[in-house]
Amino acid sequence: MASAARTAKAADLVAGEATGRDGRIDGTRILRNEWRTLVRLLLEGFAAGLAVSVVLALAVFVVTGPALAATAANPPGALYLTAAGGERRESTLVFTDVGMTITGMIARVSVTQRFVNPTDEWREGVYVFPLPEKAAVDHLRMRVGERAIDGEIRERGEAQRAYSTAKHGGYRATLVEQERANLFTTSVANVGPRDEVAVTIEYQQTLRYDDGTFHLRFPLAITPRYVPGGRGAAADGPGSAPASAVPDADRITPPVVAQADGYVLPVRLVIDLDAGFPLANLTSAHHPLRIEARGEHRYRLELADGAVPAARDFELAFTPDAGTGPRTALFTETKGSKTYALLVALPPTGADTGAPRPAREITYVIDTSGSMEGVSMTQARAALQLALDRLQPGDRFNVIEFNSHTRSLFAAPLPYDAETARRARRFVGDLRARGGTEMLPALEIALAGERTASILRQVVFLTDGAVGNEDAILRLVGERIGDRRLFTVGIGPAPNMFFMTKAAQFGRGTYTAIGDVRAVEAKMTALFRKLDHPALTDLEVAWPAGADVWPRIVPDLYAGEPVVVSAQFNADALAGNGGNVMVSGRRAGSVWGALVPSASAAPASGVGVLWARAKIAALMDAGRRGAPADEVRAAVLDVALTHHVVSRYTSLVAVDVTPVRPVGADLRTDPVAGNIPDGLTGFDALPQTATPASLLLIAGGLALALTAVLAWRLRDQRTAAV
């Protein structure tokens, strides 16, 4: 009865509002009232949807609280983190000092991380940090006051057990582990109240030579990585929970400090450079330098700003004076009965004859995930527009974007003409960063289809590489590449260079790194030269008999790239080989070769470590291509333990012999927060994937849609009541 009365009252009200003074029905007034009711319902729906979105956002902050976020108004020299329960506490601080000695193409680098405990509690610091993708880490030293303890290389599980025993027993200990070829974790146990523990690691690497210039990149920041797959149990490491596709996600997704709260992790860097030849140019792309010439092509370089935040990769480049740079170089190191050698040979670049290049089929794949938001997206769009401008009649092309979903400009590559070019430019101009980083579907489309004509097929892949499932993607590239060549373009202030270089290697192409929008044109022009010129193929290196050479098969090279090969052989074998190492190959149908006399070899420490690193990398690649995991692990362990090198299966551990933490005193673990790379947005205090903002927008949109449906149903009910 009550319901019927309310319905009758509503009907009377509507009828009353719709009846004019003369008693006739006023249609205009009915329409006006209907629109007023509809607008009110929509506003109510919007308010309800907004409220739901806010609730969801608050839920996200609660769930992700353990990842820790820095709070505002930190006093100088302190970092305060807030956990899920709202507890506000000071965190362990890390200060980093980097010293490099560069001789020719080889760099020896020392990285000292000072873990400072600003509290009255006992702390364990856990710091995830990047290193160059080819770094061969071979030394660890822990220093407390005047005491120094050298680390030992052990099988990873054994090293973890030794560290855990020391940690729980109250002993100071340090553990250095490799999570990826370019991502490491330092754990320091039992840092006393108001105390400091200094951890020094050392590594060896070769510089990159490209287009007449030597390049060194020291990564300082980690772009937050997207982790695909359903989440599993709670995390043991400092990051987000493991996922089905990335079981170690918790170890590669460290917490970050909100950009509004300033920077942490100050870094000082000093370089002693012995180029060995006059320089035409010596530059740092992103960090101003103080340069002191020390005679005989030697220089001391320091950061002009002193300590800088670890928020953008450091890039150094130096170019030999015209005609003074070496065309070949041979570095050797003898240990016991073995000699290790590193060969670098620079093929001629060749003049551009002006002959028209052959037609080609080229597919551009561009990352538009959330991690590309900001400067990275600007750089990527600019690079892609330049690439489109280079196309010419006779070419076939396509553009594929990916984030949480994949979208292709065309169903398959189409001929380049005025209409397809117009559509492509509009497509690229509309690209925006959002969503996750689901690379696999995009690459499956780009690498689909069989070759149908005698035409050069190329894929250009623009991304920051911020993913956790690198192995699965590399495996796909190796299986599907066929007759194509894959060229990767690393975008942003801190791209995942391990993934970029490996994807290019598996795709028999090359990679380019763009860290500044001002460098897009120059970098892309250099890439276009490689796309347009044939590769140097059929490369062979003649070493002494019985040499263990890595890589076993020298890959094709492109304009301006050197041959870099390392070998191990008996100490007296080089002299017995006639004293020479021979490099040969073919370019555009012509034979090219270089003879490197052993008399020109320069002694260099650490060449053996570089050989071990190259062999381990080749063994890991074999595993990605399907070699039995047990065999790969055994082979890597043998090389890594013999040569004292950190790998996926070996770690460095240092343990003090004196217990320091009192029995019964608690030990709190601090995951050390890092900086969001310069210019990137959308990561502050959100889940450690590339999709948090989009998830909230989708949830809010669904709530709005649901409310709109309910509003329409209510309107229908009112109309029926009338």
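Residues numbered from 1 in each chain as written. Predicted model: local features only at pLDDT ≥ 70, side-chain atom pairs only at ≥ 80, totals over all residues. Heavy atoms only, no water.

## Remarks on the overall build of the protein
If you tally the helices and strands in the protein, you get 14 helices and 39 strands. Scored against the burial criterion, the 722 residues of the protein give a buried share of 52%. A fraction of 73% describes how many contacts in the protein between residues 6 or more apart in sequence connect residues 24 or more apart. Counting only carbon and sulfur atoms, one obtains 56% of the accessible surface of the protein, whose full area is about 31,200 Å². (Helix = DSSP H or I, 4+ residues; strand = E, 2+ residues; numbered from the N terminus. Buried < 20%, exposed > 50% of the residue type's maximum accessible area, 1.4 Å probe, protein only. Contact = heavy atoms within 4.5 Å. Areas by Shrake-Rupley, 256 points an atom, 1.4 Å probe, with all protein chains shown as cover.)

## Looking at the pairing of strand β11 (residues 183-191)
Extensive coverage of β11 is indicated by the burial of nine of its nine residues. Here strand β10 (residues 171-180) runs beside β11; their pairing, made up of seven bridges, is antiparallel. Its bridge partner being in β11, Gln 178 is matched across the sheet by Phe 184. What sits between β10 and β11 in their antiparallel hairpin is a turn of two residues. (Pairing = 2+ DSSP bridges.)

## Focus: the packing of aromatic side chains
Counted by the stated rule, this structure contains twelve aromatic pairs. Each ring, one from Phe 402 and one from Phe 461, has its centre 5.8 Å from the other, and the planes form 45 degrees; the classification is tilted. Separated by 59 residues along the polypeptide, Phe 402 in strand β25 (residues 396-402) and Phe 461 in strand β28 (residues 456-463) bring together distant segments of the chain. Accessibility classification places Phe 402 together with Phe 461 in one group, the buried group. Members of the aromatic cluster, joined through ring pairs, are Tyr 209, Phe 214, Phe 277 and Phe 318. One residue, Arg 208, lies across the ring of Tyr 511, its end atom 4.0 Å from the ring centre. Against the face of Phe 506 rests Arg 625, its NZ or CZ located 4.1 Å from the ring centre. (Phe/Tyr/Trp six-rings, centres within 6.5 Å; stacked < 30°, edge-to-face > 60°. Lys NZ or Arg CZ within 6 Å of the ring centre and 35° of its normal.)

## Comments concerning the sheet that holds strand β17 (residues 279-284)
If you trace the four strands from one edge of the open sheet to the other, you get β13-β14-β21-β17, paired in antiparallel fashion. Whereas interior strands pair on both sides, the edge strands pair on one side only; in this sheet they are β13 (208-210) and β17. Averaged over all pairs of adjacent strands, the angle between their axes in this sheet comes to 20 degrees, without regard to strand direction. Judged from the five bridges that link them, β17 and strand β21 (residues 314-320) form a sheet pairing that is antiparallel. When the bridges of β21 are listed, Ser 284 appears paired with Leu 316. (Axes fitted to C-alpha atoms, helices over the stretch in contact; angles between N-to-C directions.)

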